[in-house]
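Listed below are the residues making up each chain.
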2 protein chains.
Amino acid sequence: MIFTFDNSENKEHLYLQVYHYYRDLILSRRLPPGSRMPSLRTCARDLHLSRTTVESAYLQLAADGYIVSRAQSGYYVTDIARQQPSPPKSQKPELPPVRYNFASSGVDRESFRFDLWQRYLKSALRQNDRLLSYGEPQGEADFRQVLSDYVRQGRNITCSPDDIVIGAGVQSLLHILCPLIRDKKTVSFPTSSFIQGSTVFSDYGFDVRYRNKDSGVIYVSPAHMTKWGEIMPVSRRMELLRHVRERNSLIIEDDFENEFVYLQKPTPSLFSLSGGRGVVYIGSFSRLLLPSIRISFMILPPELSEAYRKKSACYNQTASKAEQIALCQFIRDGHLGAQIRRLKRLYSAKMKQLLAEIQNVFGSGCRVQVGAAGTALALTIPSSRSGSELKKTARAEGLRLEILEEASGSVTLLLSCSAIPSEDFRPACELLKKLL
Amino acid sequence: MIFTFDNSENKEHLYLQVYHYYRDLILSRRLPPGSRMPSLRTCARDLHLSRTTVESAYLQLAADGYIVSRAQSGYYVTDIARQQPSPPKSQKPELPPVRYNFASSGVDRESFRFDLWQRYLKSALRQNDRLLSYGEPQGEADFRQVLSDYVRQGRNITCSPDDIVIGAGVQSLLHILCPLIRDKKTVSFPTSSFIQGSTVFSDYGFDVRYRNKDSGVIYVSPAHMTKWGEIMPVSRRMELLRHVRERNSLIIEDDFENEFVYLQKPTPSLFSLSGGRGVVYIGSFSRLLLPSIRISFMILPPELSEAYRKKSACYNQTASKAEQIALCQFIRDGHLGAQIRRLKRLYSAKMKQLLAEIQNVFGSGCRVQVGAAGTALALTIPSSRSGSELKKTARAEGLRLEILEEASGSVTLLLSCSAIPSEDFRPACELLKKLL
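Figured I'd write up the structure that's included with this text. Treat the numbers as computed from the prediction; the structure is a model and nothing was measured. (Residues numbered from 1 in each chain as written. Chains lettered and ligands numbered in written order. Predicted model: local features only at pLDDT ≥ 70, side-chain atom pairs only at ≥ 80, totals over all residues. Heavy atoms only, no water.)

## Focus on unusual backbone geometry
Residues and elements named next belong to chain B. We note that Asn156 has phi near 55°; this positive angle belongs to a residue other than glycine. Phi at Glu257 is positive, roughly 60°, even though this residue is not glycine. Among the structural elements, Glu257 can be located in the loop between strand E8 (250-254) and helix H11 (270-273). Its relative accessible area of 5% is what places Glu257 among the buried residues. (Helix = DSSP H or I, 4+ residues; strand = E, 2+ residues; numbered from the N terminus. Buried < 20%, exposed > 50% of the residue type's maximum accessible area, 1.4 Å probe, protein only.)

## Here we look at the packing of helix H8 (residues 170-180) of chain A against helix H9 (residues 195-203) of chain A
Residue and element names in this part refer to chain A. Remark: H8 packs on H9, axes separated minimally by 10 Å, with the N-to-C direction vectors making an angle of 25°. Taken together, the axes of H8 and H9 are roughly parallel relative to one another. As H8 packs across H9, the resulting crossing turns out to be right-handed. Counted together, Gln171, Leu174, His175 and Cys178 of H8 and Gln196, Gly197, Val200 and Phe201 of H9 form the full contact between these two elements. (Axes fitted to C-alpha atoms, helices over the stretch in contact; angles between N-to-C directions. Parallel < 35°, antiparallel > 145°, perpendicular 65-115°, else oblique. Left-handed = near helix turned anticlockwise from the far one by under 90°. Contact = heavy atoms within 4.5 Å.)

## Some points on the sheet that holds strand E7 (residues 217-220) of chain A
All names here are of chain A. Pairing is mixed in the open sheet, where 7 strands are placed in the order E4-E10-E9-E8-E7-E5-E6. Of all strands in the sheet, those with a lone pairing partner are strand E4 (164-167) and strand E6 (207-210), marking the two edges. The average angle at which neighbouring strand axes cross in this sheet is 20°, direction not considered. Where strand E5 (residues 186-189) lies against E6, 4 bridges are found, and the strand directions are parallel. Bridge assignment links Ser188 to a residue of E6, and that residue is Arg209. Across the sheet, H8 lies against E4, E7, strand E8 (250-254), strand E9 (279-284) and strand E10 (296-299), angled at about 35° from E10, the strand it touches most. (Pairing = 2+ DSSP bridges.)

## Some details on the side chain of A:Asp203
Within the secondary structure, A:Asp203 sits in helix H9. A distance of 2.6 Å separates a polar atom in the side chain of A:Asp203 from a polar atom in the side chain of B:Tyr315. (Polar contact = N/O pair within 3.5 Å; in protein donor to acceptor, adjacent residues only side chain to side chain.)

## Some details on the interface of chain A and chain B
Taken together, the contact pairs 94 residues of chain A with 94 residues of chain B. Taken over both partners, the interface formed by chain A and chain B buries close to 8500 Å², and the fraction arising from carbon and sulfur atoms is 54%. Inspection of the region where chain A meets chain B yields 4 salt bridges. Where chain A meets chain B, there are 31 residue pairs in polar contact (both at pLDDT 80 or more). (Buried area = accessible area lost by both parts, 1.4 Å probe. Salt bridge = Lys/Arg side-chain N within 4 Å of Asp/Glu carboxyl O.)

## Notes on the pairing of E7(A)
Residues and elements named next belong to chain A. Because side chains alternate across E7, one face comprises the buried residues Val217 and Tyr219, and the other comprises Ile218 and Val220, equally buried. The pairing of E5 with E7 spans 2 bridges and is classified as parallel. For Ser188, the partnering residue across the bridge sits in E7 and is Ile218. Sheet analysis places E7 next to E8, joined by 4 bridges and oriented parallel. Pairing of Val217 across the sheet is with Leu250, part of E8.

## Observations concerning the sheet that holds strand E11 (residues 367-369) of chain B
All names here are of chain B. Across the sheet, 4 strands lie side by side as E11-E12-E15-E14; this open sheet has antiparallel pairing. Since the sheet does not close on itself, it has two edges, and those belong to E11 and strand E14 (402-407), each with one partner. Going across the sheet, the axis of each strand differs from the next one's by a mean of 20°, ignoring polarity. Summarising the sheet, E11 and strand E12 (residues 376-382) pair through 3 bridges and their orientation is antiparallel. Its bridge partner lying in E12, Val368 is registered against Leu379. Packed on one face of the sheet, helix H15 (residues 387-396) meets E14 and strand E15 (410-416) and runs near 145° to E14.

## Quick notes on the relation of the copies chain A and chain B
When chain A is brought onto chain B, the operation consists of a screw motion whose angular component is 180° and whose axial shift is 0.0 Å, with 0.1 Å RMSD remaining. Both copies of the chain, as the preceding transformation shows, are related through a two-fold rotation axis. Minimal C-alpha separation from the rotation axis in chain A is found for A:Tyr204, amounting to 2.9 Å. Of the interface residues in chain A, 99% have counterparts in chain B that sit at the interface too, so the contact is made through matching surfaces. (Least-squares fit on C-alpha atoms with pLDDT ≥ 70 in both.)

## Quick notes on the packing of aromatic side chains
All names here are of chain A. Enumeration over the complete set of coordinates arrives at 35 aromatic pairs over all chains. Seen from their ring centres, Tyr120 and Phe330 are 5.5 Å apart, and the 80° between their planes marks the pair as edge-to-face. Of this pair, Tyr120 sits in helix H5 (residues 114-125) while Phe330 sits in helix H13 (residues 321-332), placing them 210 residues apart in sequence. Comparing Tyr120 with Phe330 shows no difference in burial state: the two are buried. Here the aromatic rings of Tyr281 and Phe297 are separated by 6.2 Å at their centres, their planes lie at 35°, and the arrangement is tilted. With a gap of 16 residues between them, Tyr281 in strand E9 and Phe297 in strand E10 connect regions that are remote in the sequence. What makes Tyr281 buried here is its relative accessible area of 3%. Using a relative accessible area of 2% as the deciding quantity, one classes Phe297 as buried. (Phe/Tyr/Trp six-rings, centres within 6.5 Å; stacked < 30°, edge-to-face > 60°.)

## Describing helix H13 (residues 321-332) of chain B
The end-to-end C-alpha separation of H13(B) is 17 Å, in line with the 16 Å expected for 12 residues at 1.5 Å each. Within H13(B), 10 of the 12 residues are buried, which leaves the element mostly enclosed by the surrounding structure. Listed in full, the buried residues belonging to H13(B) are B:Lys321, B:Ala322, B:Glu323, B:Gln324, B:Ile325, B:Ala326, B:Leu327, B:Cys328, B:Phe330 and B:Ile331. Those residues of H13(B) that are buried lie in contact with H13 of chain A together with helix H5 (114-125), helix H6 (128-131), helix H7 (141-155), strand E4 (164-167) and helix H14 (335-362) of chain B. The opening residue of H13(B) is B:Ser320, an N-cap whose side-chain oxygen sits 3.4 Å from the backbone nitrogen of B:Ala322. B:Gly334, located one to two residues past H13(B), shows a positive phi value of around 85°. (Expected span 1.5 Å × (residues − 1).)

## A word on the nonpolar core
Counting residues in each nonpolar core, the largest one holds 164 residues, and the members touching the most others are A:Phe285, A:Leu399, B:Phe285 and B:Leu399. Within the second largest apolar cluster, 54 residues are counted, among which are A:Phe201, A:Val217, A:Tyr219 and B:Val165. (Core = buried A, V, L, I, M, F, W, Y, C linked by side-chain atoms within 4.5 Å.)

## Section: the state of the cysteines
Scanning all chains against the criterion turns up 0 disulfides over all chains. Free cysteine A:Cys314: the closest other cysteine sulfur is in B:Cys178, separated by 14 Å. (Disulfide = S-S within 2.5 Å.)

## A look at the environment of A:Val146
Residues and elements named next belong to chain A. Following the sequence through the fold, Val146 ends up in helix H7 (residues 141-155). On a C-alpha basis, the gap between Val146 and Pro161 in space is 8.3 Å, while along the polypeptide they are 15 residues apart. Dropping the residues within four chain positions of it, Val146 is found in contact with Cys328, Ile331 and Arg332.

Now the structure itself:
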């Protein structure tokens with residue numbers, strides 16, 4: 001609604017406009033029950049109306065039960081909208097709290113040294129002068145230097161800090177990358193589960209396919225080929241590289257959870273195997289530190305690095321500057337390495353324990369798939385219920401599950417051990433068995 | 001380069017491949033002087049080659065002066081690449097440090113209470129459980145509630161927290177918004193200066209125009225119509241709203257620096273004038289708090305809010321969760337309001353002082369344009385040099401300038417008072433005069 005400020009229109013018309021405007025907002029709950037109405041003065045000033053006009057409207061709203069006046073405080077929205085049928089978006093069934101969460105993408109609460117991270121962030125916050133200006137669009141220079149050392153040591157990747165772009169999560173990086181590689185037209189993902197990635201590509205007009213080797217862009221997570229942590233063997237990595245080189249296509253290597261590969265020798269990255277040609281490497285810290293830290297980076301091969309440089313001033317940095325400064329020093333002091341070793345030990349022990357409990361509870365009546373990486377396993381169990389039924393029933397009992405697949409008479413679940421404490425494995429498995 | 005692991009190939013061939021691979025990296029400075037080579041063991045393991053093969057390659061590299069061995073420590077890249085012609089990207093002329101910065105988008109170092117912000121961030125970091133999980137894709141719920149109260153009080157905007165989307169800066173929000181409004185096809189910006197905005201639209205295939213009222217999307221900053229702070233008067237706001245309503249087009253109202261409007265009555269927002277129909281409202285905190293805090297938000301009108309909800313699971317949140325939690329409590333406790341009042345006082349005093357110094361130094365030989373908002377003014381002065389010449393000469397003297405426009409015999413500069421301390425106004429103006 002547009003308020004016309006034409007003085008020739010009569011006052012009554014104006015006050016009714018104000019009345020209807022707020023009535024609609026209240027009934028649609030866009031002005032929720034209990035919220036404070038703008039003061040008469042503010043409202044009159046902002047709408048360029050007289051105070052009397054606004055007051056008439058408010059008095060009518062109060063008379064009709066939409067708002068109520070509280071002494072010394074102003075007008076407040078009543079819960080009249082609650083008595084109307086609710087809009088669909090707020091209709092959520094009441095659910096009990098989650099007791100056991102096998103479906104969480106969070107991390108183990110024992111895994112992270114909050115005190116240490118707080119110290120680094122506090123020290124970053126003391127760099128007043130640095131925080132007074134916008135960050136470098138590409139990411140802080142010293143942080144990119146540290147990252148280039150980190151990937152050289154950890155992934156045998158040699159790259160210049162100039163080829164590294166930092167962003168707040170993988171999506172922010174893809175938003176910069178996609179326009180640079182638009183001529184590739186098609187992209188292939190290993191599964192349909194990474195919607196946050198495929199959405200960006202389809203938003204940019206790419207044709208999104210699954211497991212299609214002839215696409216212009218191949219998006220792979222070699223350490224996370226399946227959700228239960230199967231990794232891509234070196235022979236297939238070599239084959240893939242040869243294939244894309246022949247076709248002049250591009251690999252995006254999302255090295256997600258490569259740090260959790262339980263083998264003695266981590267498998268070499270596609271980027272290092274290719275010598276950095278035709279491969280974009282993406283690394284993230286959310287699973288290593290805290291999911292709430294939104295810092296990822298990509299390493300561009302020479303031709304894309306050149307194309308990015310021409311456009312770099314067109315993009316603002318998305319990652320928090322203070323968190324970049326803190327993480328830079330955190331890595332320099334060796335804490336990231338220590339954190340990775342701690343997580344690897346922790347998750348490999350938890351996976352072992354979870355396997356043992358599944359054996360105890362389900363015995364030979366189940367099938368388990370475990371990979372060489374990650375924090376989850378796939379459990380196939382006989383079930384008379386469908387996957388969605390089982391998920392719903394379990395949730396009503398406080399157990400959160402993720403369904404991977406279902407066949408007639410059986411369901412495959414993805415059990416993540418990362419956020420659930422290991423002492424809960426047994427009762428959670430027993431509860432699951434009871435529900436089948 | 002791809003290493004073939006075929007055992008039938010002879011050892012010499014493999015070692016030369018490794019040699020050439022590293023030589024190229026060193027000469028192109030992708031492996032910069034002084035950096036450590038991967039250890040023989042790591043390199044051999046990752047490339048699935050024997051240690052002997054790698055060692056032969058390293059010895060050859062050392063013999064040819066590309067790397068040097070340091071006892072107990074490994075091999076390091078020499079500065080041989082420095083003796084080669086440098087790649088163009090690292091050729092930057094040596095410049096003196098900046099003494100006076102009239103071109104900074106930073107904020108005044110006196111303007112922000114770092115100690116206070118540190119306290120809020122520290123308290124956010126103590127919420128361990130919350131930080132262990134990923135954030136809500138749309139932004140933290142309590143923060144969105146606080147923002148909806150904030151815009152109701154400050155901008156007379158009534159909206160539900162469900163219609164607010166948080167992101168790490170305006171670009172992150174446009175990356176979500178553009179795919180939802182793609183059918184609008186064309187977008188108009190007031191000037192060509194906001195390339196971070198226009199780039200996102202053109203990346204999504206929009207036809208980008210300037211000052212074209214018939215575009216499908218009209219991007220405006222009503223409190224920042226020109227860089228020197230001219231604001232859009234209410235009459236033009238009303239006219240614009242009527243125009244777009246007739247054409248069913250969409251306004252994106254970037255309310256940048258509306259808090260710095262020096263008038264008694266802030267001009268009402270387009271969003272509130274339209275009753276939230278056909279307008280997307282964007283607000284930011286970078287200029288109010290710290291440029292390094294990457295938090296912005298947009299308020300979607302009902303139809304777009306609905307469309308967003310269907311896709312919301314496809315987007316991860318980009319803004320730091322800890323900073324969202326901190327800012328939420330910071331606003332609740334009234335500190336944002338106090339900060340805005342402080343900044344308004346500070347910048348209005350600085351603008352006055354800058355005007356006075358310009359009068360003192362340039363007298364009647366100049367023309368000044370000042371708006372009703374913001375932190376900058378436009379200064380037109382006679383100059384025999386071209387704009388880019390003046391900028392370059394000034395920079396060589398430690399004075400950073402932004403050129404707005406040039407005519408024959410005169411140059412218009414944008415002087416921002418935000419980052420430069422007021423005691424530097426006089427010497428900076430005098431230096432500028434000397435250079436003309």
